Amino acid sequence: ATQLRPRCRRAAQPPTIAPAARRVPRRAAPNLASRAQVYRSLQGARATKVLTFRFARYLPKARVVPAFERALLKRVAPERADEAKQLCSDLVPDGGLLADDEIGVTYRDDGATVEAALRRRRGGALETTPLFTRSDAELWSAFQGCYFDDKTAAPQTRVELTRRLPALLDSRAAAPA
């Protein structure tokens, strides 16, 4: 059997950088927090945070709930599994999610309260239906951990979630006290 091997040509080398310029310290600014520290701080911050999940197409409840469960069950104690599963089940309406539905999850600044609401268009009007309110510090932290901690299944999501953070901080700093 004939094997095809790609031919590699040696790319032109860029101009050399002086050896002294290459010795940039790993931490050029030791006072800056690492990304992991920033995400941990956001997760634990006692500020009201809202995550909005927008759905592009119909998804049945039986398909959505297990995805939330897989993420949340990794972050709660085994004896809390039933509570975590119930929270995930309550997050999705029985009829599933339609195209353009939104689930808004609000983490209150008390460090314990999680609220969820469904926003759905009906006849041109946007209707909001509360899904649940829970007051539980462990679930408050674990549910946020699904998106902010190092074990997240979608690290790019946490980048997207924090993309607007500098503008929010700037607007708060500029607001009159």
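Visitor: Pulling in residues and values, what's your account of the packing of aromatic side chains?
Guide: For the coordinates displayed, the defined rule picks out four aromatic pairs. Plain terms: the ring middles of Phe53 and Phe68 are 5.6 Å apart, the flat faces sit at 90° to each other, and that makes the pair edge-to-face. Here Phe53 is found in strand 1 (residues 49–54), whereas its partner Phe68 is found in helix 3 (residues 61–73), with 15 residues between them in sequence. Accessibility assignment for this pair places Phe53 and Phe68 in one class, buried. Taken together, the aromatic side chains of Phe53, Phe68, Tyr107, Phe143 and Tyr147 make up a single cluster linked through ring pairs. Looking at Arg134, its charged tip hangs above the ring of Phe132, at a distance of 5.0 Å from the centre.

Visitor: Residue-level account of the nonpolar core, with values.
Guide: Soluble globular proteins tend to bury their nonpolar side chains together. Among the nonpolar cores identified, the biggest contains 28 residues, and Phe53, Phe68, Leu72, Leu91, Ile103, Val105 and Phe143 are the most heavily contacted of them. Mapped onto this core, the elements with two or more residues apiece are strand 1, helix 3, helix 4 (81–91), strand 2 (102–107), strand 3 (113–122) and helix 5 (137–148). It is helix 5 that provides the largest number of residues to this core, a total of six residues.

Visitor: Any chance you could break down the pairing of strand 1 for me, citing the residues and the numbers?
Guide: The two faces of strand 1 differ: Lys49, Leu51 and Phe53 on one face are buried, but Val50, Thr52 and Arg54 on the other face are not. Where strand 1 and strand 2 come together, six bridges link them in antiparallel fashion. In the sheet register, Lys49 faces strand 2, and the bridge partner there is Tyr107.

Visitor: Describe in detail the sheet that holds strand 1, supporting the description with residues and values.
Guide: Sheet architecture is open: four strands sit in the order 1-2-3-4, paired in antiparallel fashion. Of all strands in the sheet, those bounded by a partner on one side alone are strand 1 and strand 4 (125–135). Sheet twist, expressed as the average angle between the axes of neighbouring strands with direction ignored, equals 20°.

Visitor: So what's going on with the side chain of Asp149? Residues and values would help.
Guide: Tracing the chain through its elements places Asp149 in the loop between helix 5 and helix 6 (155–162). Polar side-chain contacts of Asp149 include one of 2.8 Å to the side chain of Arg75. There is a polar contact of 3.0 Å between the side chain of Asp149 and the backbone nitrogen of Lys151. When residues no more than four places from it in sequence are discounted, the contact partners of Asp149 are Gln43, Arg75 and Arg158.

Cut-offs and rules
For every chain, the first residue of the written sequence is number 1, and numbering continues from 1 onward in sequence order. Side-chain atom pairs in this predicted model are given and counted only at pLDDT of 80 or more, local residue features only at pLDDT of at least 70, and totals for whole chains, interfaces and linings cover all residues. Computation of side-chain values covers all heavy atoms of the structure but excludes hydrogens and water. In this analysis, rings of Phe, Tyr and Trp, with Trp reduced to its six-membered ring, are considered paired at centre separations within 6.5 Å, and the interplanar angle assigns stacked below 30 degrees, edge-to-face beyond 60, and tilted for intermediate values. Helix numbers and strand numbers start at the N terminus; a helix is a DSSP run of H or I with at least 4 residues, a strand a run of E with at least 2. Relative accessibility under 20% of the residue-type maximum defines a buried residue, over 50% an exposed one, and the middle range a partly exposed one, all with a 1.4 Å probe and only protein chains included. Any Lys NZ or Arg CZ that is within 6 Å of a ring centre and within 35 degrees of that ring's normal is treated as a charge sitting over the ring. Only buried residues count toward a nonpolar core, which is a set of Ala, Val, Leu, Ile, Met, Phe, Trp, Tyr and Cys residues joined through side-chain atoms within 4.5 Å. When DSSP locates at least two bridges between a pair of strands, those strands are taken to pair. Comment: axis = line fitted to C-alpha atoms, over the contacting stretch for helices; angle = value between 0 and 180 degrees taken between N-to-C directions. Pairs of N or O atoms within 3.5 Å make up the polar contacts considered here, provided that, within protein, one atom can donate a hydrogen while the other can accept it, and that residues adjacent in sequence are counted only when both atoms are side-chain atoms. We call two residues in contact whenever any of their non-hydrogen atoms come within 4.5 Å of each other.

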